[in-house]
Amino acid sequence: MSINPSVARRSAARLVAVQVQYQMEMTGVSDQQALQDAKARRAEEPRGRMVEPDSSLLGQIVRGVTADTAKLDGLIGSALTGDWTVERLESVLRAILRAGAWELGARVQTPARVCISEWVDVAHAFYSGPEPGLVNAVLDRLAQSLRTEEVGRAG
């Protein structure tokens, strides 16, 4: 069974979006500069197994997260349990949650279950421990508040 190329390109865009956000946090460059840097890095890499990301979705995620960081952090903070805060999260994990929360809120054409599953897969690309489970739990809680009707019907 082969993966639909457009699905693979959207998945790649999500992965690159996390890398771009990480670069922005670590270096302080703008979203535009970080997107250009990521494109330049991809152009230099040999064509291997990595699919070319959907550049439209990549830009939407990065610009959306950049524009709404404070709002997204508030949503994520309300979905974290115990004494966890957004600030305590490791930067890659924070980037994944911000992007996932943004997509749940902004891209209603992507079903909530698909969105959550995609971001959990991204978390698995970076982590082998409990972090993907945290991503799943937080995005599931956010889906219940951001996509009440859709999630209510599915569950």
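Whatever comes next refers back to the structure up there.
Keep in mind the model is a prediction, meaning the values are calculated, not measured.

Caption draft 1: Seen up close, the overall build of the chain. Summing up its helical and strand segments, the chain has eight helices and zero strands in all. The order of α-helices and β-strands along the chain, N terminus first, is α-α-α-α-α-α-α-α. For 155 residues, the compact-globule estimate of 2.2 N^0.38 gives 15 Å, and the C-alpha radius of gyration of the chain, at 15 Å, lies within 12% of that figure. Its C-alpha atoms put the chain at 45 × 40 × 30 Å along the principal axes. Here the chain holds 155 residues, and 43% of them are scored as buried. Long-range contacts, defined here as pairs at least 24 residues apart, represent 72% of the contacts in the chain between residues at least 6 apart. As displayed, the chain has an accessible area near 8400 Å², and 53% of this comes from carbon and sulfur atoms. Each charge class in the chain was averaged separately, 18 positive and 19 negative side chains, and the resulting centres sit 4 Å apart.

Caption draft 2: The arrangement of the packing of helix H3 (residues 55-67) against helix H5 (residues 91-106) in detail. Axis separation between H3 and H5 bottoms out at 9 Å; the angle between their running directions is 100°. Of the possible angle classes, the one that applies to H3 and H5 is roughly perpendicular. Two secondary-structure elements touch here, H3 through Gln60, Ile61, Gly64 and Val65 and H5 through Arg98, Ala99 and Trp102. Class assignment for the residues of the contact of H3 with H5 results in four nonpolar, two polar and one charged.

Caption draft 3: Summary view of H5. Taking 1.5 Å as the rise per residue, H5 with 16 residues should run 22 Å; its terminal C-alpha atoms sit 22 Å apart, in good agreement. When you tally the buried positions in H5, you get 14 out of 16 residues, the bulk of the element. Capping the start of H5 is the job of one residue whose side-chain oxygen sits 3.1 Å from the backbone nitrogen of valine 92: glutamate 90.

Caption draft 4: Here's a closer look at the side chain of arginine 98. Mapped onto the secondary structure, arginine 98 falls in helix H5. Beyond its immediate stretch of four places on either side in the chain, arginine 98 contacts Gln21, Glu25, Val65, Thr69, Leu72, Asp73, Ile76 and Val86.

Caption draft 5: Examining H3 more closely. Taking 1.5 Å per residue, 13 residues should reach 18 Å; H3 reaches 18 Å between its end C-alpha atoms and fits that length. Listed as buried for H3 are Leu57, Leu58, Gly59, Ile61, Val62, Gly64 and Val65. Buried-residue contacts for H3 involve helix H1 (5-27), helix H2 (31-44), helix H4 (69-79), H5 and helix H6 (112-126). With a side-chain oxygen positioned 3.0 Å from the backbone nitrogen of serine 56, the residue opening H3 is aspartate 54.

Caption draft 6: The arrangement of the pattern of salt bridges in detail. Summed over the entire model, instances satisfying the criterion amount to nine salt bridges. Close ionic contact of glutamate 103 with arginine 14 constitutes a salt bridge, the shortest N to O distance being 2.7 Å. Of this pair, glutamate 103 sits in helix H5 while arginine 14 sits in helix H1, and the two are 89 residues apart along the sequence. Residue glutamate 103 is classed as buried on the basis of its relative accessible area, which comes to 0%. On the basis of relative accessibility, which here comes to 2%, the residue arginine 14 falls in the buried class. Measuring nitrogen to oxygen at the nearest pair gives 2.5 Å for the salt bridge that ties arginine 94 to glutamate 25.

Thresholds, definitions, all that
- Along each chain, residues carry numbers from 1 onward, in the same order as the chain's sequence is written.
- Reporting in this predicted model follows two pLDDT cut-offs: at least 70 for local features of residues, and 80 or more for side-chain atom pairs to be given and counted; totals over whole chains, interfaces and linings ignore these cut-offs and use all residues.
- With hydrogens and water stripped out, all remaining heavy atoms of the structure feed into the side-chain values.
- Only DSSP runs of H or I with at least four residues qualify as helices, and only runs of E with at least two residues qualify as strands; both kinds are numbered from the N terminus onward.
- For this measure, only C-alpha atoms enter the radius of gyration; the expected value for a globule follows 2.2 Å times N^0.38, where N is the number of residues.
- Exposed residues in this analysis have more than 50% of their type's maximum accessible area, buried residues have under 20%, and partly exposed residues fall in between, with area computed by a 1.4 Å probe over protein chains only.
- We call two residues in contact when some of their heavy atoms are within 4.5 Å.
- In these tables, accessible area is a Shrake-Rupley quantity obtained with a 1.4 Å probe, and a residue counts as shielded only by the protein chains included in the view.
- A positive count includes Lys and Arg, and a negative count includes Asp and Glu. His and the chain ends are not counted in either.
- To locate a charge, the coordinates of NZ of Lys, CZ of Arg, CG of Asp or CD of Glu are taken.
- Think of each axis as a best-fit line through the C-alpha atoms, taken over the contacting stretch in the case of a helix, with angles from 0 to 180 degrees between the N-to-C directions.
- Between 65 and 115 degrees an angle is taken as roughly perpendicular, under 35 as roughly parallel, over 145 as roughly antiparallel, and anywhere else as oblique.
- Each residue is assigned to one class: nonpolar for Ala, Val, Leu, Ile, Met, Phe, Trp, Tyr, Cys and Pro, charged for Asp, Glu, Lys and Arg, and polar for all the others, Gly among them.
- To estimate the expected span of a helix, count its residues, drop one, and scale the result by 1.5 Å.
- In the analysis that follows, any N or O atom pair within 3.5 Å is treated as a polar contact, provided that within protein one partner can donate a hydrogen and the other can accept it, and provided that, for residues neighboring in sequence, both atoms belong to side chains.
- Salt bridges are defined by distance alone: a side-chain nitrogen of Lys or Arg within 4 Å of a carboxyl oxygen of Asp or Glu.

Limitation: the analysis is restricted to geometry and does not speak to function.
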